[in-house]
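Report on the structure
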Amino acid sequence: MAVVSRPLKPGDGSRPSAQAWWHARVLTIIVYGLALVALLVLLQQVATWGQRRVDDLRYGFPRTVQIEGVVSPSDTPQTPTHVIALNLRGQVSVLVLPGSDASKLQTLAGPYIVGSDGAYAVPQPSLKDVNDDGRADLLVNIRGETVVYVHENGTFRLMTPEERAALGASSGT
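Residues numbered from 1 in each chain as written. Predicted model: local features only at pLDDT ≥ 70, side-chain atom pairs only at ≥ 80, totals over all residues. Heavy atoms only, no water.

Points about the pairing of strand S8 (residues 155–158)
For the record, the criterion: Note on pairing: two strands pair once DSSP finds at least 2 bridges between them. Numbering of helices and strands runs from the N terminus; a helix is a DSSP stretch of H or I covering at least four residues, while a strand is a stretch of E covering at least two.
Sheet topology places strand S7 (residues 145–152) next to S8; four bridges connect them, and they run antiparallel. In the strand pairing of S8, Glu152 is matched with Thr155. Where S7 folds back on S8, the antiparallel hairpin that results is connected by two residues, among which Asn153 adopts a positive phi of roughly 55°.

Regarding the sheet that holds strand S4 (residues 106–112)
Spelled out, the test is: Axis geometry follows a simple rule: fit a line to the C-alpha atoms, using only the stretch in contact for helices, then measure angles between N-to-C directions, giving values from 0 to 180 degrees.
Spatial ordering of the open sheet is given by S1-S2-S3-S4, a layout of four strands whose pairing is antiparallel. Each of the sheet's edge strands pairs with one partner strand only, and the pair in question is strand S1 (63–69) and S4. For this sheet, the mean angle separating the axes of adjacent strands, direction not counted, is 15°. In the sheet, strand S2 (residues 81–88) pairs with strand S3 (residues 91–97) via seven bridges, with the strands oriented antiparallel. Within S3, the residue paired with Asn87 across the bridge is Val92.

Brief notes about the pattern of salt bridges
The criterion, for reference: Salt bridges, as used here, are contacts in which a Lys or Arg side-chain nitrogen is within 4 Å of a carboxyl oxygen on Asp or Glu. Only protein chains enter the accessibility calculation, which uses a 1.4 Å probe; a residue whose area is less than 20% of its type maximum is buried, one above 50% is exposed, and one in between is partly exposed.
In total, this model carries six salt bridges according to the counting rule given. A salt bridge links Arg63 to Asp56; the shortest N-O distance between them is 2.6 Å. Residue Arg63 is classed as buried on the basis of its relative accessible area, which comes to 0%. Note on Asp56: relative accessible area 25%, which makes it partly exposed. Between Glu163 and Arg157 there is a salt bridge; the shortest N-O distance is 2.5 Å.

This is the structure we're talking about:
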């Protein structure tokens, strides 16, 4: 058996041309890019699923958050007002038990949460005096939006747009 050596000629199929090599590289970059996008979409879905499971453990389903605070003069640290914020299939409702007395239950209708994941949003209630009248008002934060209920005559009512505008003007915002 003899070994023969001969020079390679361009275009004889033994070595790809520069153009073919370039197309192969571009195709490889596109395939890797698409694989990366698919991986990121998959990771986002896994993260969303995981966050919902954590929220299920933390807030239950329907999403429920409870707070207590001394709101009115009749409240004491032993019998504070109990506030329960619920997200029932995208409809936020707030239950207020003044002095932790269930016979005086007040139900406040909150906003509807639109979107396919509206039932998973967590309403976060808090008590703060926003209109400087010396009484704690009820704030419910949902996805960065805050609904304000003004404390008036022992109950809560939704803050009017005029009150909100006046509050914004007085605070300089």
